[in-house]
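# An overview of the molecular structure
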Amino acid sequence: MNFEFEEFNSPEDIFVYLSSIAPPMKNTMPINSYKGYIFSIIPLNPTTGNLYLMIYTKGKLDGKLLEFDMNVKKYKAVEAAERADKNYFVVLTPKRNTIADEAIKELEKSTT
């Protein structure tokens, strides 16, 4: 597997990025909080599954549903995805994620 990386300053910046590439409708998108990183891994070549983009920041989010308001660049935990004018993120905290493990290993190797 090959990875490209894009680092952001905050989870809000990642939410802006993902909200801007999603189609304009009520969205619920997954975001990972794993091993000290908040990230999303996007396949860049879906036919071979060989190249991925990891957009990330360092940090941790609790596993829950987050409502993100792109206009004010703020998020909050909610119980349900109810508003069509907001984007929603489901925070996943996997026990094990082999693709993320490979990406993190490559990322940390390239920053040392």
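Residues numbered from 1 in each chain as written. Predicted model: local features only at pLDDT ≥ 70, side-chain atom pairs only at ≥ 80, totals over all residues. Heavy atoms only, no water.

### Let's talk about the overall build of the chain
Stated precisely, the cut-off is as follows: Where helices and strands are cited, they refer to DSSP runs of H or I of at least four residues and of E of at least two residues respectively, numbered from the N terminus. Note on areas: Shrake-Rupley with a 1.4 Å probe; residue coverage comes only from the protein chains shown. Two residue types count as positive, namely Lys and Arg, and two as negative, namely Asp and Glu; His and chain ends fall outside the count. Think of each charge as sitting on NZ of Lys, CZ of Arg, CG of Asp or CD of Glu.
The number of helices and strands found in the chain is two helices and seven strands. Over its C-alpha atoms, taken along the principal directions, the chain stretches across nearly 40 × 30 × 25 Å. Accessible surface for the chain amounts to roughly 6800 Å². Of this, 49% is attributable to carbon and sulfur atoms. Of the charged side chains in the chain, 14 are positive and 15 negative, and the gap between their average positions amounts to 4 Å.

### Concerning helix α1 (residues 11–21)
Here is the rule: Here the term buried applies to any residue with accessible area under 20% of the maximum for its type, exposed to any over 50%, and partly exposed to those in between, with areas from a 1.4 Å probe on protein chains only. Contacts are residue-level and defined by heavy atoms, with any inter-residue pair within 4.5 Å sufficient.
Where α1 is concerned, the buried positions are Pro-11, Asp-13, Ile-14, Phe-15, Leu-18 and Ser-19. Buried positions along α1 lie against β2 (27–34), β3 (37–43), β4 (51–58), β5 (65–69), β6 (74–78) and β7 (87–92).

### Notes on the nonpolar core
One recurring pattern in soluble globular proteins is that nonpolar side chains are buried together. Under the convention used in this document: Take the buried residues of types Ala, Val, Leu, Ile, Met, Phe, Trp, Tyr and Cys, join any two whose side-chain atoms come within 4.5 Å, and each joined set is a nonpolar core.
With 14 residues, the main nonpolar core has Ile-14, Phe-15, Leu-18, Ile-31, Ile-55, Leu-61 and Phe-89 as its most contacted residues. In terms of residue count, the dominant contributor to this core is α1 (three residues). In this structure, Leu-61 is in contact with Phe-15, Ser-33, Ile-38, Leu-66, Tyr-75, Val-91 and Thr-93, ignoring residues within four places of it in sequence. By size, the runner-up hydrophobic cluster in this structure holds eleven residues, among which are Tyr-34, Tyr-37, Ala-100 and Ile-104.

### Concerning the pattern of salt bridges
Put simply, the test is: Salt bridge, as applied in this entry: a Lys or Arg side-chain nitrogen positioned within 4 Å of an Asp or Glu carboxyl oxygen.
Taken as a whole and judged by the stated rule, the model has eight salt bridges. The salt bridge partner of Lys-86 is Asp-69, with a shortest N-O separation of 2.8 Å. Here Lys-86 is found in the loop between β6 and β7, whereas its partner Asp-69 is found in strand β5, with 17 residues between them in sequence. Like Lys-86, the residue Asp-69 is buried in the burial classification. Measuring nitrogen to oxygen at the nearest pair gives 2.7 Å for the salt bridge that ties Arg-83 to Asp-85.

### A look at the packing of aromatic side chains
In plain terms, the rule: By convention, a stacked pair of Phe, Tyr or Trp rings (six-membered ring in the case of Trp) has centres within 6.5 Å and planes under 30 degrees apart, an edge-to-face pair has planes over 60 apart, and any other such pair is tilted.
Applying the stated criterion across every chain, the model contains nine aromatic pairs. Centre to centre, the rings of Tyr-37 and Tyr-56 are 5.9 Å apart; their planes meet at 70 degrees, and the pair counts as edge-to-face. Pair noted here: Tyr-37 is in strand β3 and Tyr-56 is in strand β4, with a separation of 19 residues, a long-range link. The residues Tyr-37 and Tyr-56 share a single accessibility class, namely buried.

### Comments concerning the layout of surface pockets
By rolling a water-sized probe across the atoms, one finds the places where empty space is left. To keep it simple, the criterion reads: Only protein atoms enter the 1 Å grid used here. Points where a 1.4 Å probe fits but cannot escape make up a cavity, open sets with protein on both sides within 12 Å along at least five of seven lines make up a pocket, and a residue lines them when an atom lies within 4 Å of a point. Grid points are joined across faces, edges and corners, and a volume is the space filled by probe spheres set on the points.
In this structure, the largest pocket encloses a volume near 160 Å³. Forming the boundary of the largest pocket are Leu-18, Met-29, Pro-30, Asn-32, Phe-39, Ser-40, Ile-41, Ile-42, Leu-92, Asn-97 and Ile-99. Elements supplying a minimum of two residues to the lining of the largest pocket: β2 and β3.

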